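Inside the fold
What follows is each chain in one-letter form.
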Amino acid sequence: MIIDVHAHPYFLKEMCGSEEQVKFRRDNFGLYKIALQDIDLFKRQIAAAGIDKVVLLPLDLSSTAGGTLMSNHDMKYLEDLAPDTFICFGSIDPNSKTALSDLRTLIKDFGLKGINFNPSSQHFFPNDKAILYPVYEIAQKYNVPICFHMGMSWEPNSLLQYANPLLLENVAKDFPDLKFSISHFGWPWVVESCILAMKYTNVYIDTSMLYFDSPREFFKYVFSSQIQPSWIDRSLSNKVLFGSNYPRIEQLRMREALEYAGFREETLHKILELNPIRFLNLQGE
Ligand SMILES: [Zn+2]
């Protein structure tokens, strides 16, 4: 069962209610020319890439942009449309007064499978004890994994000062049973991300990174100049998750790039299947 742990559903036609809503998503996701796509076509593309399940990530930008890229209610609706294919996360705005009650609703009422944060576009430091630690306590209690967008984000109004993966070290240490992933390999802080994932059993990294050239060329650069494929094979094979970053990048191209990155076959099997299954608590499914 191959799982893509990082995709965004903002431009699925059935989930786009009005031109105003689409404009808000284009402006705040920073993807201006993309065409809307039918859910059926998206599912065919997933199948063509040999992927069985996809994690879909929303984002609550209430404090910084005055709205959500997609609401938790919509995420619940989306998962119910294709429960065999879609695994939907929710999002809360940590700076909102209703953050904790929103989180409980997301987990208990909607049954969403994880939480997505983007500190750089939501403008918070993930190691802020006063605001974030109550959130992490609840997530840990209910065994809900978190996706942290770290490193470079394309969203306008996103700030790198919030996105250094080392900001997550205290979180990893203080919440040892809270599983979380560092998206984009934390690029450009790839080594820092790898160190955290090596040191802390609850920290994962996802491959949703493309900043220059093509996926194949960029993976070749990261896995030869910034780190070595052998680092992953020998020390991090249980900690890397396949993530595409759809719709910024086609899933098929990201999957192909991974196949050419120089990892051992058994490492690829872990990245594409075993690690996402463990991260998402899907053992037994
Ligand atoms: Zn993303």
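A brief report on the enclosed structure follows.

Cut-offs used in this document
- Residues numbered from 1 in each chain as written.
- Predicted model: local features only at pLDDT ≥ 70, side-chain atom pairs only at ≥ 80, totals over all residues.
- Heavy atoms only, no water.
- Phe/Tyr/Trp six-rings, centres within 6.5 Å; stacked < 30°, edge-to-face > 60°.
- Helix = DSSP H or I, 4+ residues; strand = E, 2+ residues; numbered from the N terminus.
- Buried < 20%, exposed > 50% of the residue type's maximum accessible area, 1.4 Å probe, protein only.
- Disulfide = S-S within 2.5 Å.
- Pairing = 2+ DSSP bridges.
- Axes fitted to C-alpha atoms, helices over the stretch in contact; angles between N-to-C directions.
- Contact = heavy atoms within 4.5 Å.

**Some remarks on the packing of aromatic side chains**
Counting across every chain of the model gives 21 aromatic pairs. Between Tyr-10 and Phe-29, the ring centres sit 4.9 Å apart and the planes meet at 80 degrees, which makes this aromatic pair edge-to-face. One end of the pair, Tyr-10, is in the loop between β1 (3–7) and α1 (19–29); the other, Phe-29, is in helix α1, with 19 residues separating them in the sequence. Under the relative-accessibility criterion, Phe-29 is labelled buried at 1%. Measuring from ring centre to ring centre gives 5.8 Å for Phe-219 and Phe-223, while their planes differ by 80 degrees; the resulting arrangement is edge-to-face. Taken together, the positions of Phe-219 and Phe-223, both in helix α10 (residues 215–226) and four residues apart, correspond to about one turn of that helix. Residue Phe-219 shares its accessibility class with Phe-223, and that shared class is buried. Among the aromatic residues, those joined into a cluster by ring pairs are Phe-117, Phe-124, Tyr-133, Tyr-136, Phe-148, Phe-175 and Phe-180.

**So, the state of the cysteines**
Considering all chains together, one arrives at zero disulfides under this definition. No disulfide involves Cys-16; its sulfur sits 14 Å from that of Cys-88, the nearest cysteine. For Cys-16, a relative accessible area of 14% translates into the label buried. There is no disulfide at Cys-88, and the cysteine sulfur nearest it, in Cys-147, is 13 Å away. We classify Cys-88 as buried; its relative accessible area is 0%.

**Examining the sheet that holds strand β2 (residues 53–56)**
If you walk across this open sheet you meet the three strands as β1-β2-β5, and the pairing is parallel. Edge strands, defined here as strands with exactly one partner in the open sheet, are β1 and β5 (86–88). Ignoring strand direction, the axes of neighbouring strands in this sheet form an average angle of 25 degrees. Of the strand pairs in this sheet, β2 and β5 are connected by three bridges, and their pairing is parallel. Counted as the bridge partner of Leu-56 is Cys-88 from β5. In the packing of helix α4 (residues 72–81) onto the sheet, contacts are made with β2 and β5, and the angle to β5 comes to roughly 160 degrees.

**So, the environment of Leu-241**
With respect to the helices and strands, the residue Leu-241 is situated in strand β10 (residues 240–241). The sequence separation of Leu-241 and Ser-208 amounts to 33 residues, and the corresponding C-alpha distance is 9.0 Å. Those residues within four positions of Leu-241 in sequence are excluded, and the remaining contacts are Val-5, Ser-181, Tyr-204, Ile-205, Asp-206, Thr-207, Ile-271, Asn-275, Pro-276 and Phe-279.

**Considering the sheet that holds strand β9 (residues 203–206)**
The parallel open sheet is built from five strands, whose spatial order is β6-β7-β8-β9-β10. Two strands in the sheet have a free side with no partner beyond their single neighbour: β6 (115–117) and β10. Here β6 pairs with strand β7 (residues 146–148) via three bridges, running parallel. Counted as the bridge partner of Asn-116 is Cys-147 from β7.

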